[in-house]
Amino acid sequence: MAVSAFSAGVVSGNVVYQHRSSVRAEHSAGTAAWDQHLAVLILAGALAVVAWVRRRRCPAKRRVRGALPVPLGRRAARRIGLTALAVRRHPTELWRLAVLAALAVVLLYLCWRAGIQVLAGLDPNFTVNAWGGPSYAGAMACHYLDLAVIAAVVVGLLDRALLPVPVGRA
């Protein structure tokens, strides 16, 4: 689904690029947000180091999970099935499905948004006042940093909302 959303984003970005204006937009000072993104990068790096240190101190958790709490693959499919079954048995758990659906929509939107920037970013007017603009590389770096941080939060929340696979049943 993520690849499909990204591909749809690339197609959407191509449509945006094909309908670009021939009139060049002026860069507005203060729209690049480099300082804010430097702070986001430093904070994200610090949190990644803290997470790595915590995982090194608790080897039992490290064996059960990977380096990131990525809810992908067979184990995730099993967890989704267990969560859906729990909702069928206990309708009070319906909130989990609502949370999972909302987080899945956000994650798919992020994939689509990452795709749209690949081709739409080639239009100078698309990046002229973007975060990291006015260059294509700067806009991509800042937007992808934002996408990575938001996706990490969403994936972590998905990991928390899904029921765990009982030990020995993975």
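As a reminder, the structure under discussion sits directly above these lines.
Criteria and thresholds
Residues numbered from 1 in each chain as written. Predicted model: local features only at pLDDT ≥ 70, side-chain atom pairs only at ≥ 80, totals over all residues. Heavy atoms only, no water. Salt bridge = Lys/Arg side-chain N within 4 Å of Asp/Glu carboxyl O. Helix = DSSP H or I, 4+ residues; strand = E, 2+ residues; numbered from the N terminus. Buried < 20%, exposed > 50% of the residue type's maximum accessible area, 1.4 Å probe, protein only. Expected span 1.5 Å × (residues − 1). Arc of directions from axis to C-beta. Contact = heavy atoms within 4.5 Å. Core = buried A, V, L, I, M, F, W, Y, C linked by side-chain atoms within 4.5 Å. Polar contact = N/O pair within 3.5 Å; in protein donor to acceptor, adjacent residues only side chain to side chain. Phe/Tyr/Trp six-rings, centres within 6.5 Å; stacked < 30°, edge-to-face > 60°. Lys NZ or Arg CZ within 6 Å of the ring centre and 35° of its normal.

## Details of the pattern of salt bridges
- Counted under the stated rule, the structure contains one salt bridge.
- One salt bridge connects Asp159 with Arg79, and the closest N-O pair in it is separated by 2.7 Å. Residue Asp159 is located in helix α7 (residues 136-161), and its partner Arg79 is located in helix α4 (residues 73-89); the two are separated by 80 residues in the primary sequence. Per residue, the accessibility class of Asp159 equals that of Arg79, and both read buried.

## Focus on helix α1 (residues 2-18)
- With 17 residues, α1 extends 24 Å from end C-alpha to end C-alpha; this agrees with the ideal 24 Å at 1.5 Å per step.
- Turning to α1, its buried residues are Ala5, Gly9 and Gly13. Seen end-on, α1 carries its buried residues on one side only, within an arc spanning 80°. Within α1, the exposed residues directed more than 90 degrees away from the buried face are Val3, Ser4 and Val11.
- Buried residues in α1 make contact with α5 (94-120).

## With respect to the nonpolar core
- By size, the foremost hydrophobic cluster in this structure holds six residues: Leu100, Leu103, Val154, Leu158, Ala161 and Leu162.
- Elements with a minimum of two residues in this core: α5 and α7.
- Top element by residues in this core is α7. It accounts for three residues.

## Describing α7
- In this model, α7 (26 residues) spans 37 Å end to end at C-alpha, consistent with the 38 Å of a helix rising 1.5 Å per residue.
- Where α7 begins, one side-chain oxygen reaches toward the backbone nitrogen of Gly138, 3.0 Å away; that side chain belongs to Ser135.

## Considering the packing of aromatic side chains
- Per the stated rule, a full pass over the model turns up one aromatic pair.
- With a centroid separation of 5.8 Å and an interplanar angle of 40°, the aromatic rings of Tyr109 and Trp112 are classed as tilted. Of this pair, Tyr109 and Trp112 both sit in helix α5, separated by three residues, roughly a single helical turn.
- Over the ring of Tyr17 we find Arg20; its NZ or CZ atom is 3.9 Å from the centre of that ring.

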